[in-house]
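Architecture and fold: a report
So you can see what is in the structure, the chains are spelled out below.
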Amino acid sequence: KIMNKPWFNKPTKLDAGSHIAIIGGGISGVTLFLHLRKAGFKTTLIEKAPLLLPGASGNPVAILDPFLSISDTIEKSFYLTAYHYALKFYGELGSNIFQNCDLIKTAHSEEQMSRFKKLMSAYEDGFLTLSSEGLVCAPSGYVIPSKLRLMFEENKTILTRTSITNIKPLADKRWSLFDKNDQPILKADAVIISNSYLASEFEYANHFELDRVAGQISLLSPQYYGNEILCSEGYVTPTITTEWGDANICGATFDKDGGFDLTEAAHMENLSKSPVEFNKNSIIAGRRGIRAMTPDHLPLSGPAPNKMKYQKEYNGLHHGPRHKSFPEASYHHNLFINIGLGARGFLSAPILAKHLTALIIGKKSPLDEKMSNAIHPGRFIIRALSKR
């Protein structure tokens, strides 16, 4: 049993009022921006697209679908903690950004209902209940990204249409950020790489294991008029007002290494998996985005490990570390990672922002040590060294 794990140690805390640059304006970057600004940091959020919340974060709605498991796993613990914090965080934003409603996992067989009963007993009283339709999760709800985006209009500390392609450490221990023409954009005391699968473009983050998974949603002319989110293999939302008119949102596909182009096949897959029956003529629009997913389906959030030093300093792990002493973790100074949120980005982003903010200011994280270690950016390097 490994008791001492210096490779997961906390980074050196950052002084209050320091300038932090966040690369990536999806839900990961936006929630970081809000948490860090509240903690008193000067914060610049940088997004290459014309608007915040582009890509997979820009769907008409983002449902909070809890990860449910009968077994007690670290994934279950993390996403349950994330779920409860997300409900609180979005609910306090106001301006109708978050819509409360129940979420129902629909049952199509006695076997499914039996499994739902076991799931219900695996959680605290009241979180899950059974109805004639299936398993009810309440409270739940969905975020409307377009309304969340309005919070940041005319904010001068947000740079859109700005593509950062390189970051370089300076002699004074700050960082300089450069655009595609190798022109310096700004200098900051710390940098957080939070731009999903594009993180691999930076040398400090190109070793992380990430799969690019395309997801397509379908917007359907309203035929479901309930107030609950329904989930089976796929999901369908209550009627939502979108730029294409009122629609039920149905989704979502998982296409590894898929592209950005909408496909008829993905629409048909969404219809086939929908808990409500729609006909093909119901499709009025679609949207496609790319998610970045890790092999263990947990995000990467924490200080950026120096891979070469990790490999050198912890090379002896495979021999068994019980009677050995290992040095403190070697991190890139004031560089942080917050990527790999996958299909549950809106669910996990708020707790990750709170966790990373706590690490940066040297306070206690809302995640316990086991969960913090499970999402640490150095975990895959350590696993590889341990299995040699």
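Throughout what follows, the structure given in this document is the object of discussion. On a predicted model such as this, the values are computed, not experimentally measured, just so you know. Position numbers for residues start from 1 in each chain and track the written sequence from start to end. Local features are withheld for residues below a pLDDT of 70 in this predicted model, meaning they are given only at 70 or higher, and side-chain atom pairs are given and counted only at 80 or more; totals for whole chains, interfaces and linings count all residues. With hydrogens and water excluded, all non-hydrogen atoms of the structure serve as input to the side-chain values.

**Comments concerning the overall build of the chain**
The line we're drawing: Helix and strand assignments follow DSSP, with helices taken as H or I runs no shorter than four residues and strands as E runs no shorter than two, numbered in order from the N terminus. Between buried and exposed lies partly exposed: a residue is buried under 20% and exposed over 50% of the maximum accessible area for its type, with that area taken using a 1.4 Å probe on protein chains only. Contact between two residues is taken to exist if any of their heavy atoms lie within 4.5 Å; hydrogens are not considered. Throughout, the Shrake-Rupley method with a 1.4 Å probe supplies accessible areas, and for residues the shown protein chains are the sole cover considered. Positive charges are assigned to Lys and Arg, negative charges to Asp and Glu, while His and the chain termini are left out of the count. Each charge is placed at NZ for Lys, CZ for Arg, CG for Asp and CD for Glu.
Each helix and strand counted, the chain has nine helices and 20 strands in total. Dimensions of the chain along its principal axes, counting C-alpha atoms only, are 60 × 50 × 35 Å. Per-residue burial over the chain gives 55% buried out of 388 residues. Of all intrachain contacts in the chain linking residues separated by at least 6 positions in sequence, the fraction that spans at least 24 positions is 74%. Taken as a whole, the chain presents about 18,200 Å² of accessible surface, with 48% of it coming from carbon and sulfur. For the chain, the distance from the average site of its 44 positive side-chain charges to the average site of its 37 negative ones is 8 Å.

**Considerations on the pairing of strand β12 (residues 211–220)**
The criterion, for reference: Paired strands, in this sense, are two strands between which DSSP finds at least two bridges.
Judged by how many residues are buried, β12 sits mostly within the fold: eight of 10 residues are covered. Pairing geometry for β12 and strand β17 (residues 255–256), over two bridges, is antiparallel. Paired with V213 across the strands is K256, a residue of β17. Relative to strand β16 (residues 245–251), β12 is paired through three bridges, and the arrangement is antiparallel. Bridging across to β16, S218 finds its partner in C250.

**What to know about the nonpolar core**
This is how the line gets drawn: Only buried residues count toward a nonpolar core, which is a set of Ala, Val, Leu, Ile, Met, Phe, Trp, Tyr and Cys residues joined through side-chain atoms within 4.5 Å.
Grouped together as the largest cluster of nonpolar side chains are 75 residues, with contacts concentrated most on L64, F78, Y90, I192 and I360. In this structure, I192 is in contact with I20, A21, I22, I23, L32, L36, F336, N338, L356 and I360, ignoring residues within four places of it in sequence. Within the second largest apolar cluster, 22 residues are counted, among which are L186, A199, A205 and L335.

**Quick notes on the packing of aromatic side chains**
The geometry of an aromatic ring pair is captured by two quantities: the separation of the ring centres and the angle between the planes. Quick reminder of the rule: Ring pairs are drawn from Phe, Tyr and Trp, using the six-membered ring of Trp, whenever the two centres fall within 6.5 Å, and their geometry is named by plane angle: stacked under 30 degrees, edge-to-face over 60, tilted for the rest. By definition here, charges over rings are those cases where NZ of Lys or CZ of Arg is within 6 Å of the ring centre and within 35 degrees of the ring normal.
Per the counting criterion, the structure on display carries 14 aromatic pairs. Note on Y90 and F346: the rings are 6.4 Å apart at their centroids and 35 degrees apart in plane angle, and the pair reads as tilted. Here F346 lies in helix α7 (residues 345–361) and Y90 lies in helix α2 (residues 74–91), a separation of 256 residues in the sequence. Each residue in the set Y85, F89, Y90, F98 and F346 is aromatic and connected to the rest through ring pairs, giving one cluster. We note K168 situated over the ring of F178; from NZ or CZ to the ring centre the distance is 4.7 Å. For R291, the ring lying beneath its charged end belongs to F254, and the centroid distance is 4.3 Å.

**As for the pairing of strand β8 (residues 164–169)**
Every other side chain in a regular strand lies on the same face of the sheet, so the side chains alternate between the two faces. As paired strands, β8 and strand β9 (residues 175–179) are joined by five bridges and run antiparallel to one another. Of the residues in β9, the one forming a bridge with P169 is W175. Between β8 and β9, which follow one another and run antiparallel, lie five residues, and K173 among them has a positive phi close to 75 degrees.

**What to know about unusual backbone geometry**
For the bond running from A138 to P139, omega is 5 degrees, close enough to zero to count as cis. By the element assignment, P139 lies in strand β6 (residues 134–143). Positive phi, close to 65 degrees, is recorded for H297, a residue that is not glycine. Note on placement: H297 falls in the loop between β18 (283–293) and β19 (300–305).

**Some details on the packing of helix α1 (residues 27–38) against α2**
Let me state the cut-off plainly: The angle between two axes is taken between their N-to-C directions and runs from 0 to 180 degrees, where each axis is a line fitted to C-alpha atoms and a helix contributes only its stretch in contact. Angles below 35 degrees are treated as roughly parallel, those above 145 as roughly antiparallel, those between 65 and 115 as roughly perpendicular, and all remaining angles as oblique. The sense of a crossing depends on the near helix, which, turned anticlockwise from the far helix by less than a right angle, makes the crossing left-handed and, turned clockwise, makes it right-handed. In this classification, the charged set is Asp, Glu, Lys and Arg, the nonpolar set is Ala, Val, Leu, Ile, Met, Phe, Trp, Tyr, Cys and Pro, and all remaining amino acids, among them Gly, are polar.
At a minimum axis distance of 13 Å, the contact between α1 and α2 shows a crossing angle of 70 degrees. Of the possible angle classes, the one that applies to α1 and α2 is roughly perpendicular. The chirality of how α1 crosses α2 is left-handed. Residues I27, T31, L34 and H35 of α1 touch α2, and the partners they reach there are Y85, F89 and Y90. Each residue belonging to the contact of α1 with α2 can be placed in one class, and the counts come to five nonpolar, two polar and no charged.

**Looking at the environment of A265**
Counting through the fold element by element, A265 comes out in helix α5 (residues 264–273). Judged by its relative accessible area of 58%, A265 is exposed. For the pair formed by A265 and T253, sequence separation is 12 residues and the distance between their alpha carbons is 9.9 Å.

**A word on the packing of α2 against α7**
Relative to each other, α2 and α7 sit at 90 degrees, their axes nearing to 7 Å. Judged by the inter-axis angle, α2 sits roughly perpendicular to α7. Judged by residue contacts, F78, Y79, T81, A82, Y83, Y85, A86, F89 and Y90 of α2 engage F346, L347, S348, P350, I351, L352 and K354 from α7. Residues of the contact of α2 with α7, tallied by class, amount to 13 nonpolar, two polar and one charged.

**Structural notes on the sheet that holds strand β7 (residues 158–159)**
Judged by pairing direction, the sheet is mixed, and its six strands sit side by side in the order β7-β2-β1-β11-β20-β19 without closing on themselves. Two strands bound the open sheet, and with one partner strand each, they are β7 and β19.

**Quick look at α5**
Buried within α5 are the following residues: A266, H267, N270, L271 and K273. Structurally, α5 contributes buried residues whose contacts are with β12, β16 and β18.

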